[in-house]
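The chain contents come next:
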Amino acid sequence: MPEETAQVFDLVVVGGGPGGYPAAIRAAQLGLRTALVEKERVGGVCLNWGCIPTKAMLRSAEVLETMQHSAEYGVLADNVRLDYSAVLRRKERVVKTLTDGVASLLKANGVTVVDGHAQFVGPKTVEVVGVGEAPLGDGGPRYNAPPAGDGRPLARLEGRNLIVATGSTPLLLPIPGIDLPGVVTSDGAFLLGEVPRRIVIIGASAVGAEWASMFAAFGADVTMVELLATPIPAEDEDLGKALARSFARRGIKVQTRRTVSEIAPAAKGRGRGKDGPLRVTITDPDGQRPTQVETDVVLVGVGRRPNTGGLDLERAGVATDQRGWIEVDDRLRTNAPGIHAIGDVTGKVLLAHVASHQGLVASGVIAGHDERMNYRAVPAATFTHPEVASVGLTEAKAREAGHDVVVGRFPFTALGRAQTYGVTDGLVKVVAERKYREVLGVHIIGPSASDLIPEGVLAMHLEATLDDIADTIHAHPTLGESGMEAAMVALGLPVHTSRPRRR
Ligand SMILES: Cc1cc2nc3c(=O)[nH]c(=O)nc-3n(C[C@H](O)[C@H](O)[C@H](O)COP(=O)(O)OP(=O)(O)OC[C@H]3O[C@@H](n4cnc5c(N)ncnc54)[C@H](O)[C@@H]3O)c2cc1C
């Protein structure tokens, strides 16, 4: 295609996930002529393969578990059972509603959406080519960096500025047997047509833990294998231990400080993978004390790699680090003038809301505004049963950073609303600095943790103190009172728990 046919835009965004689509909408609102190129469906991993479909299915799991225990609430329900294909259909409906909504928003804001795979052909120019067939296995791993372009030229776009928002893809661990049928990534797990009778999940961080929670609720026999000392190892240790106890009560077998060294067909002549069982060898990190577990499915829930393959970044002179993540400054600028990068592909914080915020900041910067990223108050949520959410420093990290730390813990058992709700598993933990009582971190495990964390995020954003939270009037009876009570505990003035010993 001759170069002179390139359409010129103020901004070309490559990738329509939760990073790219808000960036495009904001840029258009700020008066920039904007194009967005997407090779699959707008919404990216988050709406199609991540945040939204998992949460839709976890909601089905929650409804099922609530109905199984409905007699505790005086509600009698007979013959409660799961229709997994209906769970999947509901998930698809939710995803479609939201992805259609994103497409409408892009249109309404005047963004030109171009379907296809973008690759750089010059410092400021991308060629959009047709998309090859996605190598979606029947339940096998989905290497979503492809579908790479199939080479059919569709359009050539020149941007005075560009934003690379191409996201990330599951990384397959170098374990013998990882490519056997029946071994899936998180993407492949959506394609299982039925709940596996037995499943081994490698990695107990957010993605692995959510699938464990869901499949356990749906009746699977779940084993999790985690290299570190607790599940959700990035979270405060108190939360990891509480989740491990809660998972154990629900029959999930969590093997910590253990790793998977091999996956093999369980028995000759009985088929392989999803046609037959797999044998998973689990060892200590140094390879000692091997044990074996027989399973129907292995889900690899750890590791992501950047989607930079097929982009021809070198033609634009964009630098990556050794592992391929695109390096950016606090204004999301790469080393190449006029080219920004946002979201997972930057390898900063692999969360949808961070991608979105980066997208808004990048578009603001391109429009000439003085905006920067600040990663101090970034919340994280894991939608297990019970839910987990946090912001800021864990107690251990606050101590490591040299703070004189004061901590307040408040259990949901002591909270009126949690008792009325019938969900009392968990606690709120506030970490603060002793002298000025500034809040350094808030950590929650329990009912609606993900909806409770914004108060902690705002506290961190405004550099609030324990007194600010404790002195704020909270409606009663609400789950939100738990943060206020935890702040009171940290201040040594608890109302609804006994006074802790001074530390
Ligand atoms: C199972 C799972 C659950 C998750 N749950 C949560 C959660 O609850 N909360 C949360 O905050 N985060 C969650 N995440 C993480 C979240 O999905 C990602 O952080 C987020 O999607 C990153 O957004 P992004 O825009 O950077 O990239 P992506 O969402 O990966 O979007 C990138 C887009 O770019 C397109 N693309 C790639 N290359 C090209 C190209 N060359 N040309 C054109 N288009 C291209 C892709 O098709 C894709 O649509 C979850 C992830 C997984 C896997």
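Refer to the preceding data block for the structure.
In this report, we go over the structure that sits alongside the text. (Residues numbered from 1 in each chain as written. Predicted model: local features only at pLDDT ≥ 70, side-chain atom pairs only at ≥ 80, totals over all residues. Heavy atoms only, no water.)

Some details on the overall build of the protein
From N to C terminus, the protein includes 13 helices and 22 strands. On C-alpha atoms alone, the protein measures out to a radius of gyration of 24 Å, which is about the 23 Å that the 2.2 N^0.38 rule sets for 503 residues. Across its three principal directions, the C-alpha atoms of the protein cover 75 × 65 × 50 Å. Of the contacts made within the protein by residues no fewer than 6 positions apart, 65% connect residues no fewer than 24 positions apart. About 22700 Å² of surface is accessible on the protein, with carbon and sulfur atoms providing 52% of the total. The averaged location of the 58 negative side-chain charges in the protein is 3 Å from the averaged location of its 54 positive side-chain charges. (Helix = DSSP H or I, 4+ residues; strand = E, 2+ residues; numbered from the N terminus. Rg over C-alpha atoms; globule rule 2.2 N^0.38 Å. Contact = heavy atoms within 4.5 Å. Areas by Shrake-Rupley, 256 points an atom, 1.4 Å probe, with all protein chains shown as cover. Lys, Arg positive; Asp, Glu negative; His and termini not counted. Charge placed at Lys NZ, Arg CZ, Asp CG, Glu CD.)

Here's the deal with the state of the cysteines
Applying the stated criterion across every chain yields a total of one disulfide. Residue pairing for Cys46: its cysteine sulfur links by disulfide to Cys51, the two sulfurs lying 2.2 Å apart. What sets the handedness of the Cys46 and Cys51 disulfide is the S-S torsion sign, and at about -125° it is left-handed. Look at Cys46 and you get buried, because its relative accessible area is 11%. Here Cys51 falls in the partly exposed class, since its relative accessible area comes to 26%. (Disulfide = S-S within 2.5 Å. Buried < 20%, exposed > 50% of the residue type's maximum accessible area, 1.4 Å probe, protein only.)

Concerning the pairing of strand β10 (residues 221–226)
Taking burial as the measure, the six residues of β10 include five buried ones, the bulk of the element. Following the chain from strand β9 (residues 198–202) across helix α6 (residues 206–217) to the adjacent parallel β10, one finds a crossover that is right-handed. Here β10 pairs with strand β11 (residues 253–256) via four bridges, running parallel. Pairing of Val225 across the sheet is with Gln255, part of β11. One crossover worth recording links β10 to the parallel β11 by way of helix α7 (residues 237–249), and it is right-handed. (Right-handed = clockwise from strand over helix to strand, strands pointing away. Pairing = 2+ DSSP bridges.)

With respect to the site of the ligand
Around the ligand lies a shell of 38 residues, among which Glu38, Val45, Lys55, Asp344 and Ala352 are the nearest. In this structure, Leu350 approaches the ligand through a main-chain N or O atom, which is 3.4 Å from an oxygen atom. The backbone of Leu351 places a nitrogen or oxygen atom 3.3 Å from an oxygen atom of the ligand. Relative to its unbound accessible area of 1000 Å², the ligand is 94% covered by the protein chains. At the level of elements, β2 (34–38), α2 (44–49), α3 (51–68), β4 (117–122) and α8 (352–366) are the ones that each hand at least two residues to the shell around the ligand. Counting residues per element, the shell around the ligand draws most heavily on α2, at four residues. (Near = heavy atom within 4 Å. Polar contact = N/O pair within 3.5 Å; in protein donor to acceptor, adjacent residues only side chain to side chain.)

A word on the sheet that holds strand β13 (residues 278–283)
An order of β12-β13-β14 is seen for the three strands of this open sheet, with the pairing classed as antiparallel. Each end of this open sheet is capped by a strand with a single partner; those strands are β12 (259–265) and β14 (291–295). Shown here is a sheet whose adjacent strand axes are inclined to one another by a mean of 25°, direction ignored. Relative to β14, β13 is paired through five bridges, and the arrangement is antiparallel. Among the inter-strand pairings, Leu278 is bridged to a residue of β14, identified as Thr295. (Axes fitted to C-alpha atoms, helices over the stretch in contact; angles between N-to-C directions.)

Considerations on the layout of surface pockets
Volume-wise, the second largest pocket comes out at about 920 Å³. The wall of the second largest pocket is formed by 32 residues, among which Glu62, Glu65, Thr66, His385 and Val423 lie closest to the centre. Counting residues per element, the ones that place at least two in the lining of the second largest pocket are α3, α6, α7 and α11 (449–461). Here the lining of the second largest pocket takes eight residues from α3, the largest share from any one element. Along the lines of polarity and charge, the residues of the lining of the second largest pocket split into 11 nonpolar, 11 polar and 10 charged. (1 Å grid on protein atoms, 1.4 Å probe; cavity = no way out; pocket = protein on both sides within 12 Å on 5 of 7 lines; lining within 4 Å. Points joined across faces, edges and corners; volume = space filled by probe spheres on them. Nonpolar A, V, L, I, M, F, W, Y, C, P; charged D, E, K, R; others polar.)

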